[in-house]
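# Structure assessment
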Amino acid sequence: MAHDEPSKSAPQTKLVIRNIGLLLSGDLAHPILDADTVVAAGDRITAVGKQQDVDTSGATVTIDAKGTALAPGLIDSHVHPVCGDWTPRQNQLGWIDSYLHGGVTTMISAGEVHTPGRPKDIVGLKAMAIFAQRAFHAFRPSGVKIYAGAPVLEHGMVEEDFKELAAAGVKILGEVGLGSVKDGQTARQMVSWARKYGIQSTIHTGGPSIPGSSLIDKDMVLETDADVIGHVNGGHTALPDDQITALCVRSTRALEIVHNGNERAGLLTLRTAKELNQLDRVILGTDSPAGSGVQPLGIVRMISLLSSLGELPAEVAICLATGNTAKMRNLDCGLIAPGREASFVLMDKAQHSAGKNLLDSIQKGDLPGIGMVIIDGAVSAHRSRNTPPATIVPQVVNS
Ligand SMILES: [Zn+2]
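Residues numbered from 1 in each chain as written. Predicted model: local features only at pLDDT ≥ 70, side-chain atom pairs only at ≥ 80, totals over all residues.

## A word on the overall build of the chain
Scanning the chain from terminus to terminus reveals eleven helices and 20 strands. On C-alpha atoms alone, the chain measures out to a radius of gyration of 21 Å, which is about the 21 Å that the 2.2 N^0.38 rule sets for 399 residues. Based on the C-alpha atoms only, the size of the chain along its principal axes is roughly 60 × 50 × 35 Å. Counting over 399 residues, the chain shows a buried share of 54%. By sequence separation, contacts in the chain at least 24 residues apart represent 73% of the contacts at least 6 residues apart. (Helix = DSSP H or I, 4+ residues; strand = E, 2+ residues; numbered from the N terminus. Rg over C-alpha atoms; globule rule 2.2 N^0.38 Å. Buried ≥ 20, exposed ≤ 12 C-beta atoms within 10 Å, placed from the backbone. Contact = placed C-beta atoms within 7 Å.)

## Details of the packing of helix 2 (residues 122–138) against helix 3 (residues 159–167)
Relative orientation of the contacting elements helix 2 and helix 3 amounts to 20 degrees, with a least axis distance of 10 Å. Taken as axis vectors, helix 2 and helix 3 run roughly parallel relative to one another. For helix 2 against helix 3, the interelement crossing comes out right-handed. Between helix 2, through I122, K126 and A129, and helix 3, the contact on the second element is made entirely by D161, E164 and L165. Looking at the contact of helix 2 with helix 3 residue by residue, the class counts come to three nonpolar, no polar and three charged. (Axes fitted to C-alpha atoms, helices over the stretch in contact; angles between N-to-C directions. Parallel < 35°, antiparallel > 145°, perpendicular 65-115°, else oblique. Left-handed = near helix turned anticlockwise from the far one by under 90°. Nonpolar A, V, L, I, M, F, W, Y, C, P; charged D, E, K, R; others polar.)

## So, the nonpolar core
Residues V38, L70, I303, A317 and A321 are the most contacted members of the largest nonpolar core, which totals 115 residues. Viewed by domain, this core spans two of them, domain 1 (2–72 + 335–398) and domain 2 (74–296), each represented by three or more residues. Setting aside chain neighbours within four positions, we find L70 in contact with I17, I20, L23, L24, V38, A65, F344 and L346. (Core = buried A, V, L, I, M, F, W, Y, C linked by C-beta atoms within 7 Å. Domains from an automatic or database assignment.)

## What to know about the sheet that holds strand 8 (residues 74–79)
Sheet architecture is open: three strands sit in the order 8-11-12, paired in parallel fashion. In the strand order of this sheet, the two ends are held by strand 8 and strand 12 (145–147), each with one partner. On average, adjacent strands in this sheet sit at an angle of 20 degrees to one another, irrespective of strand direction. (Pairing = 2+ DSSP bridges.)

## Details of helix 7 (residues 263–275)
With 13 residues, helix 7 ought to run about 18 Å at 1.5 Å a step, and its terminal C-alpha atoms sit 18 Å apart, in line with that. Taken together, the buried residues of helix 7 touch helix 6 (241–250), strand 15 (254–258), strand 16 (282–285) and helix 8 (298–308). Downstream of helix 7 by one or two residues, N277 has phi in the positive range, about 60 degrees. (Expected span 1.5 Å × (residues − 1).)

## Regarding the sheet that holds strand 15
Spatial strand order, 13-14-15-16: four strands in an open sheet with parallel pairing. Where the open sheet ends on each side, the last strands, each with one partner, are strand 13 (202–203) and strand 16.

## Digging into the domain arrangement of the chain
For the chain, the domain assignment lists domain 1 (2–72 + 335–398) and domain 2 (74–296). When each unit is reduced to the centre of its C-alpha atoms, the spacing between domain 1 and domain 2 is 29 Å. If you look at the interface, domain 1 gives twelve residues, while domain 2 gives 13 residues. Contributions of two or more residues to the side of domain 1 that touches domain 2 are made by strand 18 (369–375) and strand 19 (378–381). With three residues, strand 18 is the single largest residue contributor to the side of domain 1 that touches domain 2. For the side of domain 1 that touches domain 2, the residue count by class is six nonpolar, five polar and one charged.

## Some points on the packing of helix 6 against helix 7
It is the contact of helix 6 with helix 7, at a shortest axis distance of 10 Å, that shows an interaxial angle of 40 degrees. Regarding helix 6 and helix 7, the two cross each other, and that crossing is right-handed. Residue-level inspection shows D241, I244, T245 and C248 of helix 6 in contact with helix 7, the latter providing A265, L268, T269, T272 and A273. Of the residues that constitute the contact of helix 6 with helix 7, the class distribution is five nonpolar, three polar and one charged.

## Points about the environment of I122
Positionally, I122 belongs in helix 2. In this structure, the C-alpha to C-alpha distance between I122 and T391, residues 269 residues apart in sequence, is 52 Å.

## With respect to the confidence of the model for the chain
Residue-level pLDDT values for the chain average 96, and 97% of them are 70 or greater. The secondary-structure element of the chain with the lowest mean pLDDT is strand 20 (residues 395–398), recorded at 93, while strand 7 (residues 69–72) shows the highest, at 99. (pLDDT = per-residue confidence, 0-100.)

## Examining the environment of P81
Secondary-structure assignment places P81 in the loop between strand 8 and strand 9 (86–87). Taking the C-alpha atoms as reference points, P81 and I303, 222 residues apart in sequence, are found 22 Å from one another. Excluding residues within four positions of it along the chain, P81 makes contact with M107, S109, E112, F136, I146 and A148.

Dropping the structure here:
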């Protein structure tokens, strides 16, 4: 069979997940697929359909989903990693492994700003960004993919710095406003240099997060025009309602709602985006680790919050943490479709939830029970140690 395989030296694994009771695509246009089987070769999805219509032969691993739900692995659009699976912010080890047990398979750094002694001179900040990009590319805690190496803007940076960072593999900026650049004119210039070289940008929005950080209001957000309006619901202090709605109406950039923000402002953002028929701009993050701590269940809590209080169907809320974020962040995960990354979360209604089924339980404000997490076609976690227990958990039937 090696002859049939694409140009890969190692034999590929073939994963078959069958008996899926509810297939959540991550795609706002079609959040539920009429399918019960997913097949992956190596780290890619190769087929999605009814069991009788897809080739399930030659599986190296078969999983019986036992009628539970499958969704793309969740994406946390806003984290502050430092090094390895350690955060100095609340001095915690193993925090990323805990998020895996909350269904998160991909994280995006909004700046490694908690690094003790973080260099603020330009050669130092560039070196740190390249180090973080390299280190998290090479080291995936419990399999979780961390896109890191996100320098924050400091005065004195010139176009050549962004060109050099891009050439070295840096693809994202840390939150604009966390460094010394706090005026819209300078930020706009640097963000446009970054964009020219393919580096995506995010801006801090709202009041200061901790002593030493500062206010960024709607005028600076609009002038800077970063690709992602980071924590539009504040991190934690939100802008006044009229400024949040102005950001929704006057910008076309991504609207990032975070767990460690103002929940009422998050619901206002959701409602406004819905009214504008621009739900595709809404993406979810935790903005953690932070003063509010480490939230292993932050993304599923956001899904339940927005679904229950924001009156959003649960299958749509899940798209905000999967397909929407993947599209805004140019990632090839986040959707259940051939060719996409084979990273999945399998969920069921939590035991004793009042909901009729998984989706109804989320719409009633409960958290889903996570039964299994798969990254790049390999099982990374079985029954979650952090969510309420799933009523039914999937089972590996051969391997
Ligand atoms: Zn921030």
